[in-house]
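Chains, contacts and geometry: an overview
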Amino acid sequence: MIFFSPIMSILGIYVLAAVLPAFFLLRYIYKMDTVEKEPGYLLWALLLAGVWAALASIVLESVGSAVLNSTFSSDDPYYHIIFAFVVVAAVEEGAKLFFLKRRSWRDPNFNYMFDGIVYSVFVSLGFAAFENIKYVFSYGLSVALPRALLAVPGHLGFAVFMGIFYGRAKLCESRGQSFGAKVNMALGYAAAVFLHGFYDSCCMIGTSRATTIFVIFVIAMYFIVFGMIKHVSREDRPV
């Protein structure tokens, strides 16, 4: 026990550094769900769905990377943009949406517009927490702070856009508007992919101009996203 305690303490610190940013954002979203709180079992299931989405993304991204590398040279000026949008963003947001819809679409608790945001964020931050653990254990605690300030809130931002359209899709379905439900689902996915791809491509390009654009983009997205959360929470209505 004497030998294992320091090791367990270090592991605990690493895990806490990885998951605490997601925890605080999840708590914020939970508090903003003011009309009707979602049951704990469903929220835990959505977090687990995010982990499954992360695992599926690892496999699909490895396939996508192999295909891209066999088609484009890494020196190609469009390589990083294609990688960011197609291999990373399209795959990760697609996996999130697949597991989100699979777990929550037919759940009877999905009865308010803001629920779409709650469900999408819980899946996305389950994904982000798992991804964060992987990064912290791979590269050390030095990556914990920048990922806490950028990557985890980034996943929140992508999820809020997807969640708003997801709630609208549910409203359309409840009114018998199947085409409207499909359109909103597609728009939610497209919005998340665009934001995620733009975020990642700016990081991957790495020039001073790309970094400047990235900083402006992140700050603007945070302001817009938290404004959207407050607005939808305040105007929440049944679906």
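Let me begin by describing the structure that accompanies this report.

Here we come to the overall build of the chain. In terms of helices and strands, the chain carries seven helices and zero strands. Going residue by residue from the N terminus, the α and β elements of the chain occur as α-α-α-α-α-α-α. Computed over the C-alpha atoms, the radius of gyration of the chain is 18 Å, within 12% of the 18 Å expected from 2.2 N^0.38 for a compact globule of 239 residues. For the chain, the spread of C-alpha atoms along the principal axes amounts to about 55 × 50 × 30 Å. Across the chain, the fraction of contacts at a sequence separation of at least 24, relative to all contacts at a separation of at least 6, is 81%. Carbon and sulfur atoms make up 71% of the accessible area of the chain, which totals about 12400 Å². Averaged over its 18 positive side-chain charges, the chain has a centre that lies 5 Å from the centre of its 15 negative ones.

We now examine the environment of L171. Within the secondary structure, L171 sits in helix α5 (residues 144-174). Using a relative accessible area of 9% as the deciding quantity, one classes L171 as buried. Residues L171 and L46, 125 residues apart in the sequence, show an inter-C-alpha distance of 20 Å. Discounting residues that sit within four places of it in the chain, L171 has contacts with M113, R237, P238 and V239.

Cut-off values and rules
Residues numbered from 1 in each chain as written. Predicted model: local features only at pLDDT ≥ 70, side-chain atom pairs only at ≥ 80, totals over all residues. Heavy atoms only, no water. Helix = DSSP H or I, 4+ residues; strand = E, 2+ residues; numbered from the N terminus. Rg over C-alpha atoms; globule rule 2.2 N^0.38 Å. Contact = heavy atoms within 4.5 Å. Areas by Shrake-Rupley, 256 points an atom, 1.4 Å probe, with all protein chains shown as cover. Lys, Arg positive; Asp, Glu negative; His and termini not counted. Charge placed at Lys NZ, Arg CZ, Asp CG, Glu CD. Buried < 20%, exposed > 50% of the residue type's maximum accessible area, 1.4 Å probe, protein only.

Fair warning: the whole summary comes from geometry, so function is off the table for now.
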